[in-house]
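Descriptive analysis of the structure
Chain by chain, the residues run as shown.
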Amino acid sequence: MSLERAKAYLAEYGRDGDVLEFDVSSATVELAAQAVGCAPERIAKTLSFSVGDRVALVVCAGDARIANPKFKERFGCKAKMLSADEAEERIGHAVGGVCPFGVKDGCDVYFDESLRRFDTVYPACGSSSSAIALAPDELAQIVPEGVWVDVCKLPSEEQS
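Read on for a plain summary of the structure. Because the structure is predicted, anything quoted here is derived from the model rather than measured.

Taken as a whole, this structure holds nine salt bridges when the rule is applied. For Asp18, the salt bridge goes to Arg15, with nearest N and O atoms at 2.4 Å. Residue Asp18 is classed as partly exposed on the basis of its relative accessible area of 36%. On the basis of relative accessibility, which here comes to 17%, the residue Arg15 falls in the buried class. Across the salt bridge formed by Arg116 and Glu113, the nearest N and O atoms sit 2.9 Å from each other. What makes Arg116 partly exposed here is its relative accessible area of 41%. By relative accessible area, Glu113 is classed as partly exposed at 32%. Members of the salt-bridge network, linked through shared partners, are Arg15, Asp18 and Glu138.

As structure tokens, this is what we get:
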């Protein structure tokens, strides 16, 4: 199961006991914010994209959206999200619980700058009813192969 896979990964960093498990769904940013009791923008959502033969997992703030020109500049292709079936098969976590912990080979993790606004963010932990509280720098330490990028835009940057 995906939750156990994420917990086993977090155990390597002594953080498996910090996983929050809920009796309600945290599968969307809004539901996760309600379950955790935080503002939606503090939810660290993990978006999954096909980039060549690899998967790019972009962990970003709950209120951030992919900025297509930035994405194309960084990755050399248009942002094409994985389908729900592809996500589970290629990442090892189902949509609603996708996270950067314990992912399959072939996945590259990126942390968007939108996370740095917060002292604590809440990524999922492999299931649609889990999360963990981490500072953005802790998240980067727990996923040392992750790379910081700037590929998102915030609502304040949206054009009308």
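Strands sit in the order 6-2-3-5-8 across an open sheet of five strands; the sheet is mixed. Across the chains shown, the open sheet's two edge strands, defined by having one partner strand only, are strand 6 (122–123) and strand 8 (147–149). Pairing geometry for strand 2 (residues 43–51) and strand 6, over two bridges, is parallel. Note that in strand 6 the partner of Ile43 across the bridge is Tyr122. Sitting on the sheet, helix 2 (residues 29–36) touches strand 2 and strand 6, and the angle it makes with strand 2 is about 150°. This element, helix 3 (residues 68–75), spans strand 2, strand 3 (54–61), strand 5 (107–112) and strand 8 of the sheet and lies at about 55° to strand 2.

Relative to the assigned elements, Met1 resides in the segment before helix 1 (2–11). For Met1, a relative accessible area of 76% gives the class exposed. Taking the C-alpha atoms as reference points, Met1 and Ser127, 126 residues apart in sequence, are found 8.7 Å from one another.

Mapped onto the secondary structure, Ala131 falls in strand 7 (residues 130–131). Taking C-alpha positions, Ala131 is 15 Å from Leu115, a pair spaced 16 residues apart along the chain. Aside from chain neighbours lying at most four places away, what touches Ala131 is Asp18, Val19, Leu20, Phe22, Val36, Tyr122, Pro123, Ala124 and Cys125.

Across the eight residues of strand 3, seven count as buried, placing the element largely inside the fold. Judged from the eight bridges that link them, strand 2 and strand 3 form a sheet pairing that is antiparallel. Residue pairing across strands places Ser48 opposite Leu57, the latter belonging to strand 3. Linking strand 2 to strand 3, which pair antiparallel, is a turn of two residues; within it Gly52 sits at a positive phi near 65°. With five bridges joining them, strand 3 and strand 5 adopt parallel strand pairing. The residue bridging Val58 from the neighbouring strand is Tyr110, located in strand 5.

Calculation notes
Residues numbered from 1 in each chain as written. Predicted model: local features only at pLDDT ≥ 70, side-chain atom pairs only at ≥ 80, totals over all residues. Heavy atoms only, no water. Salt bridge = Lys/Arg side-chain N within 4 Å of Asp/Glu carboxyl O. Buried < 20%, exposed > 50% of the residue type's maximum accessible area, 1.4 Å probe, protein only. Pairing = 2+ DSSP bridges. Helix = DSSP H or I, 4+ residues; strand = E, 2+ residues; numbered from the N terminus. Contact = heavy atoms within 4.5 Å. Axes fitted to C-alpha atoms, helices over the stretch in contact; angles between N-to-C directions.

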